[in-house]
Amino acid sequence: MNIWLIWCGLVIILAYLLGSFPTGYLAGKILKGIDIRQVGSGSTGATNVLRTLGKGPGAFVLVIDCLKGVLAIRLVYILYSSQLNLIDSSLNVEAWQSWLVTLAGLMAILGHSKSIFLGFTGGKSVATSLGILLAINWQVGLGTLGVFVVMIAISKIVSLSSIAGAIAVSILMVVFQQPLAYIIFSLLGGLYVIIRHRSNIDRLLAGKEPKIGQKVETQSEQLTGEG
């Protein structure tokens, strides 16, 4: 059992490190020699990369950041399939797995927004959260993505669409009758994503939040950004 707990701890640490991989930052450095945190919205996420570097780099960062979430959850599944002999037969394996998935997912989200490689700065964990959801339950993931797409088609505002998705995910978890651990993940993860959008919320209330194709108005508003 002690060995099993060590394995679980390693998976959680690896999930955080995966989330911390600074995709957007590296894209800025490699393509333009800039620190993406010093331009646009100040975020390392896909939206700021899109505005700063263009559609191709933005799409690339979006996909990689999403994959970070997928891989974080796959680590848990790989652990369970390879280390089942270490688990006490009296334990509820599925319950243990769902709680470890929740912890790994939360750590990946935290890693993206508080990257150890970037002095604990980063993005807003939207793309990474989507990857996690797709790996946990594809219906919930696609449903959340659908809410995002519909909202962005209506509003043309990425942050508003991300907040709508963050709210919808908890509802979808209940609708699709997911385990309690996943519902708690959706509540905590969704709340965290919304909190990370607090500067965007201020701009939304002030009517100053940029739409797709527009730039953030002032550098003073760039505490955190989309992504």
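Definitions and cut-offs
Residues numbered from 1 in each chain as written. Predicted model: local features only at pLDDT ≥ 70, side-chain atom pairs only at ≥ 80, totals over all residues. Heavy atoms only, no water. Helix = DSSP H or I, 4+ residues; strand = E, 2+ residues; numbered from the N terminus. Buried < 20%, exposed > 50% of the residue type's maximum accessible area, 1.4 Å probe, protein only. Contact = heavy atoms within 4.5 Å. Areas by Shrake-Rupley, 256 points an atom, 1.4 Å probe, with all protein chains shown as cover. Polar contact = N/O pair within 3.5 Å; in protein donor to acceptor, adjacent residues only side chain to side chain. Axes fitted to C-alpha atoms, helices over the stretch in contact; angles between N-to-C directions. Left-handed = near helix turned anticlockwise from the far one by under 90°. Nonpolar A, V, L, I, M, F, W, Y, C, P; charged D, E, K, R; others polar. Expected span 1.5 Å × (residues − 1). Bend = angle between axes of the 7 residues up to and from the residue. pLDDT = per-residue confidence, 0-100. Salt bridge = Lys/Arg side-chain N within 4 Å of Asp/Glu carboxyl O. Parallel < 35°, antiparallel > 145°, perpendicular 65-115°, else oblique.

S.K.: Honestly, the overall build of the chain in this entry has me stumped. Any pointers?
M.R.: For the chain, the helix and strand inventory stands at 10 helices and 0 strands. The 227 residues of the chain split such that 49% are buried. For the chain, the share of sequence-separated contacts (at least 6 apart) that also reach a separation of at least 24 residues comes to 68%. Summed over its atoms, the accessible surface of the chain is roughly 10800 Å², and 71% of this surface lies on carbon and sulfur atoms.

S.K.: Quick question: what am I supposed to make of the environment of Ser170 here?
M.R.: Within the secondary structure layout, Ser170 lies in helix α8 (residues 158-175). Linking Ser170 and Val140, residues 30 residues apart in sequence, is a C-alpha distance of 9.1 Å. Not counting residues within four places of it along the chain, the set of residues in contact with Ser170 comprises Ser186 and Leu187. Polar contacts involving the side chain of Ser170 include one to the side chain of Ser186, which spans 3.3 Å.

S.K.: Looking at this structure, how should I read unusual backbone geometry?
M.R.: Across residues other than glycine, the phi torsion is negative in most instances, and most of the peptide bonds are trans. The backbone of Phe120 shows a phi angle near 60°, a positive value even though the residue is not glycine. Note on Phe120: relative accessible area 47%, which makes it partly exposed. With phi around 65°, Lys156 is a residue other than glycine that occupies positive phi space. With respect to the secondary-structure elements, Lys156 resides in the loop between α7 (138-155) and α8.

S.K.: Quick question: what am I supposed to make of the packing of α7 against α8 here?
M.R.: Two measures define how a pair of helices packs: the angle their axes make with one another and the distance between the axes. Taken N-terminus to C-terminus, the directions of α7 and α8 make an angle of 150°; their axes are 8 Å apart at the nearest point. Between α7 and α8 lies a crossing of right-handed hand. Residues Val140, Gly143, Thr144, Val147, Phe148, Met151, Ile152 and Ser155 of α7 pack against Val158, Leu160, Ser161, Ser162, Ala164, Gly165, Ala168, Val169, Leu172 and Met173 of α8. Among the residues forming the contact of α7 with α8, the class breakdown is 12 nonpolar, 6 polar and no charged.

S.K.: I tried to follow the side chain of Asn48 on my own but got confused; where do I start?
M.R.: Along the chain, Asn48 falls in helix α3 (residues 46-53). There is a polar contact of 2.8 Å between the side chain of Asn48 and the backbone oxygen of Ser43.

S.K.: Before we go on, may I ask you to explain α8 in this structure?
M.R.: Residue pairs three or four apart in sequence face the same way in an α-helix, which turns once every 3.6 residues. Here α8 is 18 residues long and its end C-alpha atoms lie 25 Å apart, about the 26 Å a rise of 1.5 Å per residue gives. Maximal helix bending in α8 amounts to about 30°, located at Ala168. Directly after α8, the chain includes Gln177, whose backbone phi takes a positive value near 55°.

S.K.: Honestly, the environment of Ile195 in this entry has me stumped. Any pointers?
M.R.: For Ile195, the location among the structural elements is in helix α9 (residues 180-196). Classification of Ile195 by relative accessible area gives partly exposed; the value is 41%. With 32 residues separating them in the primary sequence, Ile195 and Ile163 have C-alpha atoms 9.4 Å apart.

S.K.: Teacher, can you tell me more about the confidence of the model for the chain here?
M.R.: Predicted coordinates in regions of low pLDDT should not be interpreted in detail. Averaged over the chain, the pLDDT score is 89; the fraction of residues at 70 or greater is 88%. Long-range and interchain partners of residues 218-225, a stretch whose pLDDT sits below 50, account for 18 contacts in this model, where long-range means more than four residues apart.

S.K.: I tried to follow the pattern of salt bridges on my own but got confused; where do I start?
M.R.: When the charged atoms of two side chains with opposite charge come close together, those side chains can pair. Evaluation of the coordinates by the stated rule reveals 3 salt bridges. Close ionic contact of Arg37 with Asp35 constitutes a salt bridge, the shortest N to O distance being 2.9 Å. Note that Glu209 and Arg203 form a salt bridge whose closest N and O atoms lie 2.7 Å from each other.

S.K.: Can you help me understand the packing of helix α2 (residues 23-32) against α3 in this one?
M.R.: Taken N-terminus to C-terminus, the directions of α2 and α3 make an angle of 15°; their axes are 10 Å apart at the nearest point. With respect to α3, the axis of α2 lies roughly parallel. Where α2 crosses over α3, the two elements pack in a sense that is right-handed. Residue-level inspection shows Gly24, Ala27, Gly28, Leu31 and Lys32 of α2 in contact with α3, the latter providing Val49, Thr52 and Leu53. Along the lines of polarity and charge, the residues of the contact of α2 with α3 split into 4 nonpolar, 3 polar and 1 charged.

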